[in-house]
Amino acid sequence: MTQDEQKRAVAAAAIQHVPTGCIVGVGTGSTANYFIDELAKIKHKIEGAVASSEASAQRLKSHNIEVHDLNNVSDLPVYVDGADEITENLHMVKGGGGALTREKIVAAVARKFICITDQSKLVNVLGNFPLPIEVIPMARSYIAREIVLLGGQPALRHGFTTDNGNIILDVHGLQIMNPVELETTLNQITGVVTNGLFACRGANTLLLGTDEGVREMTI
Ligand code: 5RP
């Protein structure tokens, strides 16, 4: 299967994890887009969705799926999203699409995080994909210096503003041996809004697209 076929296959498989009558948490990116298209086929069976980005909200609305404000939703059984990297412990790097903050918020509310990826995203150690960090613009240089002290090489994502009006530093050169510790450390740097490590709250289930079909891993 091509990478794109794997993404479509895991998006279709994720529908089995959506309980009837619920509001679904929906991620951002090309794999999440395929999931939204699959969700449209069962839209009569769900109450609607919460989106992790303006882009996903627009795509949901284009399918006439109701998009709810997360503040009005107290129960979110499932959140379905892609990842840039994921380990067998289901720790992830996310934020390649720049939606990491809203993704982390929706994931925090959800009871289950179902990660959907093609097999290229499964890695032994996180960090080859540059780690995105959303920062308050006036803190950019300070945070960059702090990241250098931690051993990373930050690069400003040029011409990009998040849905929250902030900027992104992509951190190169990290070999993330302890993702929970690094996620916590980065969160303590003043001016950091969110970092793209999803380890303190990782995924519950990975649906991985492979040449042999969809492999399910749960912890
Ligand atoms: C967006 C994300 C995406 O989940 C991640 O970038 C994967 O995207 P894709 O499904 O297009 O490979 O974190 O902020």
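Not measured: the values here are computed from a predicted model. (Residues numbered from 1 in each chain as written. Predicted model: local features only at pLDDT ≥ 70, side-chain atom pairs only at ≥ 80, totals over all residues. Heavy atoms only, no water.)

(A) Representation of the environment of G95. Inspection of the secondary structure puts G95 in the loop between strand 5 (92-93) and helix 4 (100-109). Excluding residues that lie within four positions of it along the chain, G95 makes contacts with D84, L100, E103, P132 and R157. (Helix = DSSP H or I, 4+ residues; strand = E, 2+ residues; numbered from the N terminus. Contact = heavy atoms within 4.5 Å.)

(B) Inspection of the site of the ligand at higher detail. Taken together, 17 residues are adjacent to the ligand, and S30, T31, D84, G95 and K121 come closest. Side-chain polar atom of K121 to an oxygen atom of the ligand: 2.6 Å apart, as the coordinates give it. In the complex, 91% of the free accessible area of the ligand, which totals 380 Å², lies under the protein chains. Tallied by class, the residues present in the shell around the ligand amount to 2 nonpolar, 9 polar and 6 charged. (Near = heavy atom within 4 Å. Polar contact = N/O pair within 3.5 Å; in protein donor to acceptor, adjacent residues only side chain to side chain. Areas by Shrake-Rupley, 256 points an atom, 1.4 Å probe, with all protein chains shown as cover. Nonpolar A, V, L, I, M, F, W, Y, C, P; charged D, E, K, R; others polar.)

(C) Quick look at the packing of helix 1 (residues 3-14) against helix 2 (residues 30-41). Interhelical geometry of helix 1 versus helix 2 gives an angle of 45° and a closest axis separation of 8 Å. One way to sum up the angle between helix 1 and helix 2 is to call them oblique. Considering only the axes of helix 1 and helix 2, their crossing is right-handed. Contact residues: D4, K7, R8, V10, A11, A12 and A14 in helix 1; S30, T31, Y34, F35 and E38 in helix 2. For the contact of helix 1 with helix 2, the per-class residue count stands at 6 nonpolar, 2 polar and 4 charged. (Axes fitted to C-alpha atoms, helices over the stretch in contact; angles between N-to-C directions. Parallel < 35°, antiparallel > 145°, perpendicular 65-115°, else oblique. Left-handed = near helix turned anticlockwise from the far one by under 90°.)

(D) Region of the structure containing a nonpolar patch on the surface. Together, I136, M138 and V193 line one region of the surface with nonpolar side chains, adding up to about 310 Å² of accessible area. Inspection of the secondary structure assignment puts I136 in the loop between strand 7 (131-135) and helix 5 (140-149). With relative accessibility at 36%, the residue I136 sits in the partly exposed group. (Patch = residues over 30% accessible without salt bridge, like charges linked within 9 Å, V, L, I, M, F, W, Y side chains within 5 Å. Salt bridge = Lys/Arg side-chain N within 4 Å of Asp/Glu carboxyl O. Buried < 20%, exposed > 50% of the residue type's maximum accessible area, 1.4 Å probe, protein only.)

(E) How the structure looks around the packing of aromatic side chains. All told, the structure shown has 2 aromatic pairs when counted by the stated rule. Geometrically, the ring pair formed by Y79 and F113 is edge-to-face, given 5.0 Å between the ring centres and 90° between the ring planes. Taken together, the residues span a long stretch of sequence, with Y79 in strand 3 (residues 78-81) and F113 in strand 6 (residues 112-118) at a distance of 34 residues. Note on accessibility: Y79 and F113 belong to one class, buried. With a centroid separation of 6.5 Å and an interplanar angle of 85°, the aromatic rings of F113 and F198 are classed as edge-to-face. You can see F113 sitting in strand 6 and its partner F198 sitting in strand 11 (residues 197-198), a full 85 residues away along the chain. Grouping aromatic residues by their ring pairs yields a cluster made of Y79, F113 and F198. Note that K94 overlies the ring of F198, its terminal NZ or CZ placed 5.6 Å from the centroid. (Phe/Tyr/Trp six-rings, centres within 6.5 Å; stacked < 30°, edge-to-face > 60°. Lys NZ or Arg CZ within 6 Å of the ring centre and 35° of its normal.)

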